[in-house]
Amino acid sequence: MRADGRYSCADVADLPLLWSGDVVVVGAGSAGCAAAVAAARYGASVLLVERNGFLGGTGVAVLDSFYGFFAPGADDRRIVGGIGWELCSRLLGDGQAFIRPSSYGAGSAVTYEPEALMICPELSGQRICG
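Residues numbered from 1 in each chain as written. Predicted model: local features only at pLDDT ≥ 70, side-chain atom pairs only at ≥ 80, totals over all residues. Heavy atoms only, no water.

**A few points about the pattern of salt bridges**
Side chains that differ in sign of charge can pair as their charged atoms come close.
For step 1, the next point in the chain: This model, assessed by the stated rule, comprises 1 salt bridge.
For step 2, the next point in the chain: Close ionic contact of Arg41 with Glu86 constitutes a salt bridge, the shortest N to O distance being 2.5 Å. One end of the pair, Arg41, is in helix α2 (residues 30-41); the other, Glu86, is in helix α4 (residues 82-93), and 45 residues separate them in sequence.
For step 3, the next point in the chain: Overall, Arg41 belongs to the partly exposed group, its relative accessible area being 44%. (Salt bridge = Lys/Arg side-chain N within 4 Å of Asp/Glu carboxyl O. Helix = DSSP H or I, 4+ residues; strand = E, 2+ residues; numbered from the N terminus. Buried < 20%, exposed > 50% of the residue type's maximum accessible area, 1.4 Å probe, protein only.)

Written out as structure tokens, the structure reads:
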């Protein structure tokens with residue numbers, strides 16, 4: 001190990017290779033899950049690393065609603081899609097979420113059961129541990 005606490009290539013040359021692939025995503029919160037799914041959909045070999053015992057990050061540990069998918073006001077006009085909306089659609093379809101007006105006229109919110117987020121649906125059936 002060097003004086004700055006970093007390892008050189010020579011220091012790690014004899015360590016076994018634990019994984020080889022294209023993309024490593026560190027953190028399996030909303031952004032990490034979306035990044036891992038997007039990379040995998042483009043054909044990359046992806047390793048998703050999470051320090052907690054569950055996926056979903058703050059969305060599971062603290063929150064219960066997604067905002068930003070709908071235009072401001074009360075018309076429930078969805079203006080944002082993508083992987084985040086795919087997750088909302090699954091939660092809504094499984095009865096694990098509902099759409100409600102948000103506070104202060106900021107558009108509608110998708111309120112969900114936090115434990116339903118612990119598994120990123122796109123990753124189910126994939127090897128995510130061990």
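Now that the structure has been shown, the text picks up again.
**Some words on the environment of Cys88**
For step 1, the next point in the chain: With respect to the helices and strands, the residue Cys88 is situated in helix α4.
For step 2, the next point in the chain: Note: C-alpha distance between Cys88 and Leu117 (29 residues apart in sequence) is 9.8 Å.
For step 3, the next point in the chain: Ignoring sequence-local partners within four residues, the contact set of Cys88 consists of Phe66, Phe69 and Val110. (Contact = heavy atoms within 4.5 Å.)

Such coordinate-based values are descriptive only and should not be taken to indicate function.
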